[in-house]
Amino acid sequence: MQMMAAEGGGKEMNEIKTQFTTREGVYKLLTHSEYSRPNRVPFNSQGSNPVKVSFVNVNDQSGNGERICFNVGRELYFYIYKGVRKAADLSKPIDKRIYKGTQPTCHDFNPLTATAESVSLLVGFSAGQVQLIDPIKKETSKLFNEERLIDKSRVTCVRWVPGSESLFLVAHSSGSMYLYNVENTCGTTAPHYQLLKQGENYAVHTCKSKSARNPLLRWTVGEGALNEFAFSPDGKFLACASQDGFLRVFGFDAAELHGTMKSYFGGLLCVCWSPDGRYIVAGGEDDLVTVWSFSDCRVIARGHGHKSWVSVVAFDHCTTSVEDGDVPAEFSGSDEDFHEHINFGAGRERANSAHSRLSKRNSTESRPVSVTYRFGSVGQDTQLCLWDLTEDILFPHLPLSRTRTNTNVTSSLSPLTTGQSTNTSVSSTNPSCTNSKDNVSNSSTSGNQANSLPSTLPRSNSLSSSNNSNAKGNSIIDSAFIATGVSKFATLSLHESRKDRHEKDHKRNHSMGHINSKSSDKLNQLNSSRTAKAEAVKTLGTTLCPRMEEVPLLEPLVCKKIAHERLTVLIFLEDCLVTACQEGFVCTWARPGKVGLLSSQNNPANSPSGTVV
């Protein structure tokens, strides 16, 4: 069926929306700011990896400091990004690369080293390699896992370690993560590992070698693919979303498990942190977004608005706000927030927390007047959802809590709840926040039949900071860190064997965890799916996975169909938000009041500077 574009809210279900309204105003799609392949022909997405977008600011004094990178099929593009102004000339990318035998799957810029003359961009590939390139200088590149001796599976996520110019972390569909140093080579033989740390469903190994080589560490996490990971705003914690349906949060330096959460069913595909690091949102194959409290290690809300798998979740740092008059902003963090500093290998500096304004304001000592966390999600249903997480959800026992979030407590969304007792209670939250077998308690009947509403999870008014996962001794990375060496530049030679070529059969509604998986991986996924079903039965009704009636159910503030193909990108910037779909179109949505900046859109050279931060 041919789908037509509509201004605002059209009546037809298949109409693509070009604007939507929130409490702060109207967001508008800027067609003149659309980035795509130079010919603008929709990309045939069958058999391809998700389109991804990365941004970096190079502090260009001309006012065009933002740079954008995106992958479409076998192609990788690098442009100047002009935000709400007219897009750069698509026929003249700063850099364009076409790969043979493999496809880009993800990428990440290092913001610490970015300048107008040079940027460091990591690119992960479907065959397992990782390339370091400079799209501005173009003459240098390094290739990691070139011979696929470290891991042969698809790269699902790659990120620079916060505060480091040389360390980066790579996740694979095998379920493993690897820590690399850009100055080390990978060696000509498969690495040998020695166990450093082991816990429930995870292990960390160091690479045994007489000379400096990659990887420094290998993490094995959960069962099945590791679909995405995200560092906390201060860089100290790592949240991992896995195909086995578990969210696992680690203290990164010490490799200690801080807490876990289980999806309602299916795999988790995406994860993000709130700007203050207090909450984590995850989404996946249960069509839900789940809000998890970092300090309490429990699910505090679920959001239902998508009709298919949720592919991306992201917080909007511009709309998120905490307003009170009790604590000055400059003193809103604890002493530990500002003075705790863990030595991290060769001169790694901790990322400064620019979000400490929110960090401690939710404690009982300084209860905020108004709290609003805004986050968004996009999915394979081609819909964009915006959500508001407010104090009536965060602090349900507050007598003056103002209900501004549309919530609905129900158990009718999933057949998993059918026939389940509605008067179950869960043991109190484990204050240590470590996910041992003790805090995966069995549900027990409360016997309180007089209550019209089912009993809920225990609430804690005081969301105190938990420091149990901070390393008291040496960092595990320090203990595994090897003297760095300078490697020769590797030539780009990405190739797959013929038996791997059949990875390209991809069904449209399959998740990242299923794209381009080998037949052996599919067998493993079948086995892990059976294991996941068994886990779902065991965890349902516990603190890991409360029943639907046990936590508030959020309804989206906005839920709009904005694309023809599944959505794979959602990024919030100062004056706009950016989305991308599998057709290869990168769209810019102007925030309310920012459309007025377009007076010079027909002559971008005269555009006002500083409209994109």
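Everything below is about the structure shown above.
Worth saying up front: this structure is predicted, and the values here are computed from it rather than measured.

### Details of the overall build of the protein
Here is step 1: Counting its secondary structure elements, the protein contains 4 helices and 37 strands.
Here is step 2: The proportion of buried residues among the 613 residues of the protein is 59%.
Here is step 3: Here the contacts in the protein between residues at least 6 apart in sequence split such that 63% fall between residues at least 24 apart.
Here is step 4: With the model as given, the accessible surface of the protein reaches about 24,900 Å², and the carbon-plus-sulfur share is 49%.

### Describing the sheet that holds strand E15 (residues 176-181)
Here is step 1: Spatial ordering of the open sheet is given by E13-E14-E15-E18-E17-E16, a layout of 6 strands whose pairing is antiparallel. Both outer strands of the open sheet, strand E13 (155-160) and strand E16 (192-199), are each paired with one neighbouring strand and no more. The mean inter-strand angle of the sheet, taken between neighbouring strand axes irrespective of direction, is 20°.
Here is step 2: One ladder, built from 5 bridges, connects strand E17 (residues 202-208) with strand E18 (residues 217-221); its direction is antiparallel. Bridging across to E18, His-205 finds its partner in Arg-218.

### A look at unusual backbone geometry
Here is step 1: Following Asn-214, the chain continues into Pro-215 via a peptide bond in cis, with omega recorded as -5°.
Here is step 2: If you trace the backbone, Pro-215 turns up in the loop between E17 and E18.
Here is step 3: Phi angles above zero are rare outside glycine, and Arg-40 is one such case at about 60°.
Here is step 4: By relative accessible area, Arg-40 is classed as partly exposed at 37%.

### Details of the nonpolar core
Taken as a class, soluble globular proteins show a tendency for nonpolar side chains to be buried jointly.
Here is step 1: Within the largest apolar cluster, 23 residues are counted, with the highest numbers of intra-cluster contacts made by Tyr-35, Val-53, Ile-68, Phe-70, Tyr-79, Tyr-81 and Val-586.
Here is step 2: Of all the elements in the fold, those that place two or more residues in this core are strand E5 (53-57), strand E6 (66-72), strand E7 (75-80), strand E36 (576-581) and strand E37 (586-590).
Here is step 3: Val-53 has contacts with Ile-68, Cys-69, Phe-70, His-107, Val-569, Ile-571, Ala-580 and Val-586, leaving out every residue within four places of it along the chain.

### Quick look at the side chain of Asn-145
Here is step 1: Position of Asn-145 relative to the elements: it lies in the loop between strand E12 (141-144) and E13.
Here is step 2: Of the polar contacts made by the side chain of Asn-145, one reaches the backbone oxygen of Asp-151; its length is 2.7 Å.
Here is step 3: Ignoring anything within four residues of it in the chain, the contact list for Asn-145 reads Gly-128, Gln-129, Ile-150, Asp-151, His-172, Tyr-180 and Cys-186.

### Considerations on the environment of Asp-316
Here is step 1: With respect to the helices and strands, Asp-316 occurs in the loop between strand E27 (310-315) and strand E28 (321-323).
Here is step 2: As for Asp-316 and Leu-577, which are separated by 261 residues in sequence, their C-alpha atoms are 8.9 Å apart.
Here is step 3: Setting aside its immediate chain neighbours within four residues, Asp-316 contacts Tyr-27, Arg-374, Phe-375, Phe-572 and Arg-591.

### Details of the pattern of salt bridges
Opposite charge on two side chains allows them to pair when their charged atoms are near.
Here is step 1: Applying the stated criterion across every chain, the model contains 10 salt bridges.
Here is step 2: Salt-bridge contacts for Arg-40 lead to Glu-34; the nearest nitrogen and oxygen are separated by 3.0 Å.
Here is step 3: With its nearest N and O atoms 3.0 Å apart, the salt bridge here joins Arg-248 to Asp-244. Each member of the pair, Arg-248 together with Asp-244, is buried.
Here is step 4: It is possible to trace a salt-bridge network through shared partners that takes in Arg-23, Glu-24, Arg-374 and Asp-388.

### Quick notes on the sheet that holds strand E23 (residues 268-273)
Here is step 1: Taken in spatial order, the 5 strands of this open sheet run E23-E24-E25-E26-E33, and their pairing is mixed. Each edge of the sheet is formed by a strand with only one pairing partner; in this case those strands are E23 and strand E33 (553-554).
Here is step 2: Where strand E25 (residues 288-293) and strand E26 (residues 298-304) come together, 6 bridges link them in antiparallel fashion. Opposite Trp-292, over in E26, you have Val-299 as the bridge partner.

### Here we look at the pairing of E7
Here is step 1: With 5 of its 6 residues buried, E7 lies for the most part within the structure.
Here is step 2: Across 6 bridges, E6 lies against E7 in antiparallel orientation. Bridge pairing in E7 places Cys-69 opposite Phe-78.
Here is step 3: Sheet topology places E7 next to strand E8 (residues 95-98); 4 bridges connect them, and they run antiparallel. The partner of Tyr-77 across the bridge, within E8, is Lys-96.

Here is what the cut-offs are and how they apply
Here the residue index of a chain counts from 1 through its sequence in written order. Per-residue local features of the predicted model are confined to residues with pLDDT of at least 70, and side-chain atom pairs are confined, for both listing and counting, to 80 or more; whole-chain, interface and lining totals are unaffected and use all residues. Side-chain descriptors were evaluated using all non-hydrogen atoms of the structure, hydrogens and water having been removed beforehand. Counting from the N terminus, the helices are the DSSP runs of H or I reaching at least four residues and the strands are the DSSP runs of E reaching at least two. Exposure is judged per residue with a 1.4 Å probe applied to protein chains only, and the accessible area is read against the type maximum: over 50% gives exposed, under 20% gives buried, and values in between give partly exposed. Contacts are assigned to residue pairs that have any heavy atoms within 4.5 Å of one another. The Shrake-Rupley method, run with a 1.4 Å probe, gives the accessible areas here. Residue values count only the displayed protein chains as cover. Pairing between two strands is assigned when DSSP locates at least 2 bridges connecting them. Every angle, taken between N-to-C directions, lies between 0 and 180 degrees, and every axis is a line fitted to C-alpha atoms, over only the stretch in contact when it is a helix. Only buried residues count toward a nonpolar core. Its members are Ala, Val, Leu, Ile, Met, Phe, Trp, Tyr and Cys residues joined through side-chain atoms within 4.5 Å. For this analysis, a polar contact is any N or O atom pair within 3.5 Å, provided that within protein one partner can donate a hydrogen and the other can accept it, and provided that sequence-adjacent residues contribute only side-chain to side-chain pairs. Take a side-chain nitrogen of Lys or Arg and a carboxyl oxygen of Asp or Glu: if they are within 4 Å of each other, that pair is a salt bridge.

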